[in-house]
Amino acid sequence: MYESPSWLHELWSAREALWSGFLTSVQCSILAILLGTLIGVVAGLVLTYGRFWARAPFRFYVDLIRGTPVFVLVLACFYMAPALGWQINAFQAGVLGLTLFCGSHVAEIVRGALQALPRGQMEASKAIGLTFYQALGYVLLPQAMRQMLPTWVNSSTEIVKASTLLSVIGVAELLLSTQQIIARTFMTLEFYLFAGFLFFIINYAIELLGRHIEKRVALP
Amino acid sequence: MTHVAASTQNTSQALLEIRGLHKQYGQLEVLKGVDLTMQRGNVVTLIGSSGSGKTTLLRCVNMLEEFQGGRILLEGESIGYHEVNGKRVRHSENVIARHRAMTGMAFQQFNLFPHLTALQNVTLGLLKVKKLHKDEAVVLAEKWLERVGLLARRDHFPGQLSGGQQQRVAIARAIAMKPSLMLFDEVTSALDPELVGEVLSVIKGLAEDGMTMLLVTHEMRFAFEVSDTIVFMNQGRIEEQGPPKDLFERPQSPRLAEFLKSTRF
């Protein structure tokens with residue numbers, strides 16, 4: 001008589017595919033968060049302090065991307081890059097889409113945090129003779145970063161969740177790996193729950209890290 | 001304290017010389033041609049009702065406000081703007097930053113940097129603007145914190161200090177940069193009455209040391225005691241100026257008389 005293998009047995013035999021999917025998810029999320037934060041900080045600074053013509057392209061970028069679903073963004077990067085003569089693979093296209101998305105959100109977070117600082121902070125910096133960039137580096141950004149942190153953590157977890165969309169363009173991240181395993185084992189509920197649990201682990205780790213940093217830099 | 005009266009006479013040794021200063025916000029003209037001269041060691045206090053332009057005048061001296069006409073010379077250097085081929089051109093940001101370091105400023109709202117300790121607030125300018133070595137900066141900062149009576153609080157953050165203490169740290173932060181002119185902008189206005197005294201006594205001590213100071217204050221008794229010259233401003237102009245005794249006891253302008261009456265000095 002045929003005995004169906006247990007879920008643990010299937011989990012064990014799928015461990016490599018799951019692990020590889022997990023790593024891909026982590027990898028593309030981290031890349032997108034880091035690159036997106038870099039773009040976002042620059043865009044946020046220009047949006048806050050730039051002249052009109054410097055602000056205009058960044059304002060266009062932020063408004064356009066924030067008004068577009070991430071899913072559309074990922075598909076656009078995947079299909080449009082080759083059409084524009086830019087040969088990138090699915091993983092790169094996916095990371096590009098997530099990065100653009102992350103950058104537009106971080107830009108507004110940075111702008112909001114900088115604009116929320118009392119005007120007197122810049123004035124006091126200038127009054128002791130600091131240049132604009134010194135004031136930014138030593139006085140304004142350290143304070144703005146403290147304010148940004150919770151919102152930034154929130155955006156980062158959004159990126160991790162959005163990384164599942166890369167499955168549509170064939171990136172074997174955690175969701176696609178899970179679907180492939182389900183197609184073979186028919187253990188739908190078990191493996192989806194397990195994938196959900198793994199995503200939770202990634203985001204929980206980010207949240208813990210954020211809380212830890214928040215506590216360390218908290219002001220009395 | 002040297003009792004050299006500020007005057008509108010042109011003197012080559014003047015520390016600060018303001019000529020025909022005009023400032024407007026859009027259509028609103030807030031300074032309508034102000035002339036003021038300060039010698040080294042002078043303590044000059046600007047008084048007048050709100051909107052008379054006192055604070056704006058003070059803020060033009062370190063270019064926290066741009067101005068559209070006239071000149072400000074500090075130690076002979078033209079503040080904010082210079083002339084190129086007869087055209088008025090704004091100095092580069094670096095030159096303006098250097099000029100700003102020649103003055104120190106204390107604000108109504110203290111504006112201490114909340115993420116830095118009292119000591120770090122004072123050392124920041126010494127390290128990044130004066131480029132002092134860290135040990136030197138700390139010694140200097142401690143000296144000034146001690147002077148304002150807060151050495152014991154050197155490692156406290158602004159959020160752990162009272163308003164009066166914060167203002168004293170802010171004064172130490174400005175003075176430690178060795179400015180040739182100190183600007184005080186209503187430094188006691190945001191303080192609880194019982195904390196005003198400690199800040200005023202710090203300023204008085206500095207005046208006794210010969211520090212050149214330009215103040216805006218509503219503390220008339222203090223202005224009377226500490227100043228060499230009182231300048232009464234009204235609607236963007238200097239209406240009357242002179243030694244405190246003359247101004248307070250024999251005001252010439254009816255507006256000044258009215259103002260003094262309303263302050264119940």
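Preceding block: the structure.
Figured I'd write up the structure that's included with this text.

Calculation notes
- Within every chain, residues take consecutive numbers counted from 1 along the sequence as written.
- Both sets of labels track the order of writing: A upward for chains, 1 upward for ligands.
- It should be noted that, the model being predicted, local features are given only for residues of pLDDT at least 70 and side-chain atom pairs only at 80 or more, the latter also being counted only at that level, while totals for whole chains, interfaces and linings use all residues.
- Note: side-chain values were computed over all heavy atoms of the structure, leaving out hydrogens and water.
- Nonpolar cores are built from buried Ala, Val, Leu, Ile, Met, Phe, Trp, Tyr and Cys residues. Side-chain atoms within 4.5 Å join them into one set.
- Exposure is judged per residue with a 1.4 Å probe applied to protein chains only, and the accessible area is read against the type maximum: over 50% gives exposed, under 20% gives buried, and values in between give partly exposed.
- Should any heavy atoms of two residues lie within 4.5 Å, those residues are considered in contact.
- Only DSSP runs of H or I reaching four residues or more are called helices, and only runs of E reaching two or more are called strands; each is numbered from the N terminus.
- Expected helix span is taken as 1.5 Å per residue step, with the number of steps being one fewer than the number of residues.
- Between N or O atoms, a polar contact is any pair within 3.5 Å; within protein, one atom must be a potential hydrogen donor and the other a potential acceptor, and residues adjacent in sequence are included only when both atoms are from side chains.
- Using a grid of 1 Å spacing that covers the protein atoms alone, one calls a set of points a cavity when a 1.4 Å probe fits there but cannot get out, and a pocket when the set is open and has protein on both sides within 12 Å along at least five of seven lines; lining residues are those with an atom within 4 Å of a point.
- Grid points are joined across faces, edges and corners, and a volume is the space filled by probe spheres set on the points.
- Residue polarity follows a fixed list, in which Ala, Val, Leu, Ile, Met, Phe, Trp, Tyr, Cys and Pro are nonpolar, Asp, Glu, Lys and Arg are charged, and the others, Gly among them, are polar.
- Any two strands between which DSSP finds at least two bridges are classified as paired.
- The axes used here are C-alpha line fits, helices contributing only the stretch in contact, and every angle between their N-to-C directions lies in the interval 0 to 180 degrees.
- Note on aromatic contacts: the rings of Phe and Tyr and the six-membered ring of Trp form a pair at centre separations within 6.5 Å, being stacked when their planes are under 30 degrees apart, edge-to-face when over 60 apart, and tilted otherwise.
- Any Lys NZ or Arg CZ that is within 6 Å of a ring centre and within 35 degrees of that ring's normal is treated as a charge sitting over the ring.

Here's the deal with the nonpolar core
Nonpolar side chains tend toward joint burial in soluble globular proteins.
Residue and element names in this part refer to chain B.
Consideration 1: Formed by 90 residues in total, the largest nonpolar core has its most connected members in Leu16, Ile18, Leu21, Leu57, Ile72, Leu181 and Leu214.
Consideration 2: Each residue touching leucine 57, except ones within four places of it in the same chain, is listed here: Ile18, Leu21, Leu31, Val34, Leu46 and Met233.
Consideration 3: Of all hydrophobic cores here, the second largest spans 40 residues; its members include Val122, Met182, Ile203 and Leu215.

Points about helix α8 (residues 174-185) of chain A
All names here are of chain A.
Consideration 1: For α8, built from 12 residues, the straight-helix expectation of 16 Å at 1.5 Å per residue is met to within 8% by its first-to-last C-alpha distance of 16 Å.
Consideration 2: Buried positions along α8 lie against α1 (7-13), α2 (15-49) and α9 (188-217).
Consideration 3: At the N-terminal end of α8, a side-chain oxygen is found 3.0 Å from the backbone nitrogen of leucine 175, two or three residues along, and the residue is glutamate 173.
Consideration 4: Remark: phenylalanine 186 follows α8 within two positions and exhibits a positive phi of approximately 60°.

Details of empty space enclosed by the protein
The rolling of a water-molecule-sized probe over the atoms marks out the regions of remaining empty space.
All names here are of chain B.
Consideration 1: Taken as a whole and assessed by the stated rule, the structure comprises 1 cavity of 30 Å³ or more.
Consideration 2: Computed from the structure, the largest cavity encloses a volume of approximately 30 Å³.
Consideration 3: Lining the largest cavity we find Val187, Thr188, Leu200, Ile203, Leu215, Val216, Thr217 and Phe222.
Consideration 4: Along the lines of polarity and charge, the residues of the lining of the largest cavity split into 6 nonpolar, 2 polar and no charged.

Some words on the pairing of strand β3 (residues 43-47) of chain B
Residue and element names in this part refer to chain B.
Consideration 1: Counting buried residues in β3 gives 5 out of 5 residues, a clear majority hidden from the surface.
Consideration 2: The two faces of β3 match: Val43, Thr45 and Ile47 on one face and Val44 and Leu46 on the other face are all buried.
Consideration 3: As paired elements, β3 and strand β10 (residues 213-216) share 4 bridges and run parallel to each other. Its bridge partner lying in β10, leucine 46 is registered against valine 216.
Consideration 4: Pairing geometry for β3 and strand β11 (residues 229-234), over 4 bridges, is parallel. Considered in β11, the bridge of leucine 46 is made with valine 231.

What about the sheet that holds β3 of chain B?
Residue and element names in this part refer to chain B.
Consideration 1: An order of β8-β9-β10-β3-β11-β12 is seen for the 6 strands of this open sheet, with the pairing classed as mixed. Where the open sheet ends on each side, the last strands, each with one partner, are β8 (103-106) and β12 (237-242). In this sheet, adjacent strand axes meet at a mean angle of 20° when their direction is disregarded.
Consideration 2: Relative to strand β9 (residues 181-185), β8 runs parallel, the two sharing 4 bridges. Bridged to alanine 106 within β9 is phenylalanine 184.
Consideration 3: Contacting β3, β8, β9, β10 and β11, helix α1 (residues 54-61) runs over the sheet at an angle of about 145° to β9.
Consideration 4: Against the sheet, helix α6 (residues 193-208) engages β3, β9 and β10, with an angle of about 150° to β10.

Overview of unusual backbone geometry
All names here are of chain B.
Consideration 1: Non-glycine residue asparagine 85 carries a positive phi angle of around 50°.
Consideration 2: Structurally, asparagine 85 is set in the loop between β6 (81-84) and β7 (87-90).
Consideration 3: At lysine 178, a residue that is not glycine, the phi angle is positive and equals roughly 50°.
Consideration 4: Inspection of the secondary structure puts lysine 178 in the loop between α5 (163-175) and β9.
Consideration 5: Take lysine 178: its relative accessible area is 67%, and that puts it in the exposed class.

Describing the packing of aromatic side chains
In this description, a pair of aromatic rings is defined by centroid distance and the angle of the planes.
Consideration 1: Enumeration according to the criterion identifies 12 aromatic pairs over all chains in this entry.
Consideration 2: Taking 5.0 Å as the distance between ring centres and 80° as the angle between the ring planes, the aromatic pair formed by tyrosine 49 of chain A and phenylalanine 132 of chain A counts as edge-to-face. Remark: phenylalanine 132 of chain A occurs in helix α7 (residues 132-162) and tyrosine 49 of chain A occurs in helix α2; sequence separation between them is 83 residues.
Consideration 3: Taken together, the ring pairs in this structure connect Trp7, Phe191, Phe194 and Phe197 of chain A into an aromatic cluster.
Consideration 4: Over the face of the ring belonging to tryptophan 12 of chain A we find arginine 15 of chain A, whose NZ or CZ atom lies 3.9 Å from the ring centre.
Consideration 5: Lying across the ring of tyrosine 25 of chain B, lysine 23 of chain B places its NZ or CZ 4.4 Å from the centre.

Focus: the layout of surface pockets
Consideration 1: Roughly 830 Å³ of volume is contained in the largest pocket.
Consideration 2: For the largest pocket, the lining is made up of 26 residues, of which Tyr49, Met122, Lys126 and Phe132 of chain A together with Glu93 of chain B are closest to its centre.
Consideration 3: Put simply, the parts of the chain that give the lining of the largest pocket at least two residues each are α5 (90-116), α6 (119-127) and α7 of chain A together with α2 (93-102) of chain B.
Consideration 4: Split by residue class, the lining of the largest pocket holds 12 nonpolar, 4 polar and 10 charged.

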